[in-house]
Amino acid sequence: MDSIWIKGGNRLEGKIPISGAKNAALTLLPCALLTDEKLTLTNLPRLADVDTFSHLLNQLGVSTSVAGVKKGEYGRRMTLQADDIASTVAPYDMVRKMRASVLVLGPMLARAGESTVSLPGGCAIGDRPIDLHLQALECLGAEIELAAGYVKASAPKGRLSGGDYSFPVVSVGATENALMAAVLATGRTQLFNAAREPEIVDLCNLLVAMGAKIEGIGSGHLIIDGVEGLNGTTYEVMPDRIEAGSYACAAGITGGSIDLIGARPDDMRATLNALAHAGLMLEFHDKGIKVSADAPLKPLALSTAPFPGFATDMQAQFMAMLALAQGDSFLEETIFENRYMHVPELRRMGASIDIHGRSAIVHGVEKLTGAQVMATDLRASMSLVLAGLAAEGETEVLRVYHLDRGYERLEEKLSAVGATIERRSTG
Ligand SMILES: CC(=O)N[C@H]1[C@@H](OP(=O)(O)OP(=O)(O)OC[C@H]2O[C@@H](n3ccc(=O)[nH]c3=O)[C@H](O)[C@@H]2O)O[C@H](CO)[C@@H](O)[C@@H]1O
Ligand SMILES: C=C(OP(=O)(O)O)C(=O)O
């Protein structure tokens, strides 16, 4: 199994190209199920989750072909075509590898009139039920049965019908499933308290390019008028705001300066505000955002919230950075109940962090020291990489498969800005 080895203490400086967004890719890929025409996605990141998703789609009968890019470039081009849906079952061994597999439920039901998907179960960051996905689909007329660990959804007479659904809590995935189902339903669907994340806007933009009728894009009230069929198209995946934010924290924690090429400020205002409050300088230019840390880091008070609030997917990375701030920071995790799994590992590197339920107090320390560390999820792993970049001595981050889910060529990007980092095969 591979690990990431880092010798800390280098000030990072230079440009990092931001890849296509994992969380956008994972909701754009299942849109291939909505049409028998070709869907081409460009700027697809080279990530384990994207590969897992395309294998799942292959099992459902979607053909996929990938064109590479020139050496040194990022982003792939994948053409997908679902002439026919060969199977309407997303099995447990695929869904357990990647929770986002549940995003085939809505589009498959809309196109084929039935869909059977393994229940994903909990994961390291929390319980993560899918009750809201199912409730929203029921409002579109789906009949749902739960048996033997699977959800079996069917549309009476083979087609869903429009309906209104108000999400009791904001859910990105449930909004995505409901949208992908509603675009082919008969009549009008209204989604209230829908998620407004930029990845939802990306999904809406793709669906509109495929011929869907959606109003209210970017707001919490989406109005979808179902159409008879959708066409193929070519669409570019949006840049990854979480990857961009993570590398901004790398500039912060190493006292460096990193130009995030391709980052879009409007997608990450809360992250940028937090960086500015921590004392980082931000320069906006036509190719991206340059983030520089010339002064000691200031402590922050941050609470995670749905977009446009501070993203839960940035919490662990900020915690690592704030471990070296001058003073005490206060963090609150409101989205997932168990998203502090990185704390014991950060403590092993010298961080001083107290946890009280969903709150954490980070007492800034003078220095971190390298250690062998292990993480349980993607962003937790990134927080350990960030700590390792600033720590005195050597750090080895084990279980790199978490990082490979969401950071394209991490060690290559960080080496290019001056980090001493490499992937090692531990056999
Ligand atoms: C692939 C992808 O895009 N993943 C992102 C997506 O995950 P995901 O779509 O799974 O997250 P949700 O927005 O659905 O979850 C938000 C909250 O709602 C709860 N909930 C959700 C659905 C449901 O049916 N019932 C329920 O109770 C969840 O347990 C959680 O507490 O949004 C999260 C919140 O921004 C991000 O951290 C993930 O990176
Ligand atoms: C939690 C995340 O992803 P997923 O929903 O795919 O587990 C993440 O990207 O931080």
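Residues numbered from 1 in each chain as written. Chains lettered and ligands numbered in written order. Predicted model: local features only at pLDDT ≥ 70, side-chain atom pairs only at ≥ 80, totals over all residues.

J.: Which residues make up the overall build of the protein, and what values do they have?
T.: The number of helices and strands found in the protein is 14 helices and 24 strands. For 427 residues, the compact-globule estimate of 2.2 N^0.38 gives 22 Å, and the C-alpha radius of gyration of the protein, at 21 Å, lies within 12% of that figure. A principal-axis box enclosing the C-alpha atoms of the protein has dimensions of 65 × 45 × 45 Å. When burial is assessed residue by residue, the protein has 52% of its 427 residues classed as buried. In the protein, 72% of the contacts between residues at least 6 apart in sequence involve partners at least 24 apart. (Helix = DSSP H or I, 4+ residues; strand = E, 2+ residues; numbered from the N terminus. Rg over C-alpha atoms; globule rule 2.2 N^0.38 Å. Buried ≥ 20, exposed ≤ 12 C-beta atoms within 10 Å, placed from the backbone. Contact = placed C-beta atoms within 7 Å.)

J.: Got a sec to walk through the sheet that holds strand E5 (residues 76-81)? Specific residues and values, please.
T.: Taken in spatial order, the four strands make up an open sheet running E4-E5-E3-E14, and their pairing is mixed. Both edges of this open sheet fall to strand E4 (63-67) and strand E14 (233-236), since each of them pairs with a single strand only. Taken over all neighbouring pairs, the strand axes of this sheet differ in orientation by 20° on average, direction set aside. Two strands pair when backbone bridges link them, and strand E3 (residues 38-44) and E5 are joined in this way by five bridges, in the antiparallel orientation. Following the sheet pairing, Leu41 is matched in E5 by Met78. Running at roughly 145° to E4, helix H2 (residues 48-59) makes contact with E3, E4 and E5 of the sheet. (Pairing = 2+ DSSP bridges. Axes fitted to C-alpha atoms, helices over the stretch in contact; angles between N-to-C directions.)

J.: So what's going on with the site of ligand 1? Residues and values would help.
T.: In the neighbourhood of ligand 1, 20 residues make up the surrounding shell, with Asn23, Leu132, Ser171, Val172 and Gly173 lying closest. Of all the secondary-structure elements, those providing two or more residues to the shell around ligand 1 are helix H1 (22-28), helix H5 (131-139) and helix H6 (172-182). Across the shell around ligand 1, the residue classes break down as ten nonpolar, six polar and four charged. Domain assignment of the residues forming the shell around ligand 1 places at least three in each of domain 1 (2-19 + 239-425) and domain 2 (22-236). (Near = placed C-beta within 6 Å. Nonpolar A, V, L, I, M, F, W, Y, C, P; charged D, E, K, R; others polar. Domains from an automatic or database assignment.)

J.: Could you give me a rundown of the UniProt feature "binding site: phosphoenolpyruvate" (unreviewed entry) in the protein, with the residues and numbers involved?
T.: In the numbering used here, UniProt assigns the feature "binding site: phosphoenolpyruvate" (unreviewed entry) to Lys22 and Asn23. Relative to the elements of secondary structure, Lys22 occurs in helix H1. Using a count of 26 C-beta atoms within 10 Å as the deciding quantity, one classes Lys22 as buried. Leaving out residues up to four positions away in the same chain, Lys22 has contacts with Pro45, Leu47, Asp49, Asp240 and Gly406. In this structure, Asn23 sits in helix H1. (UniProt positions renumbered as here; feature names shortened; annotations may be inferred.)

J.: Got a sec to walk through the site of ligand 2? Specific residues and values, please.
T.: Around ligand 2, the neighbouring residues are Asn23, Arg99, Ala100, Asp313, Leu378, Arg379 and Gly406. Of the residues in the shell around ligand 2, the class split is two nonpolar, two polar and three charged. Looking at the shell around ligand 2, you find at least three residues from each of domain 1 (2-19 + 239-425) and domain 2 (22-236).

J.: Go over H2, please, and point to the residues and values.
T.: Compared with the 16 Å implied by 1.5 Å per residue over twelve residues, the 17 Å span of H2 between its first and last C-alpha is a close match. Residues Asp49, Val50, Phe53, Ser54, Leu56 and Leu57 constitute the buried set of H2. Burial along H2 is one-sided: seen end-on, the buried residues are contained in an arc of 155°. (Expected span 1.5 Å × (residues − 1). Arc of directions from axis to C-beta.)

J.: Would you mind going over the UniProt feature "modified residue: 2-(S-cysteinyl)pyruvic acid O-phosphothioketal" (unreviewed entry) in the protein in detail, with residue names and values included?
T.: Sites flagged by UniProt as "modified residue: 2-(S-cysteinyl)pyruvic acid O-phosphothioketal" (unreviewed entry) map to Cys123. Residue placement: Cys123 occurs in the loop between strand E7 (114-118) and H5.

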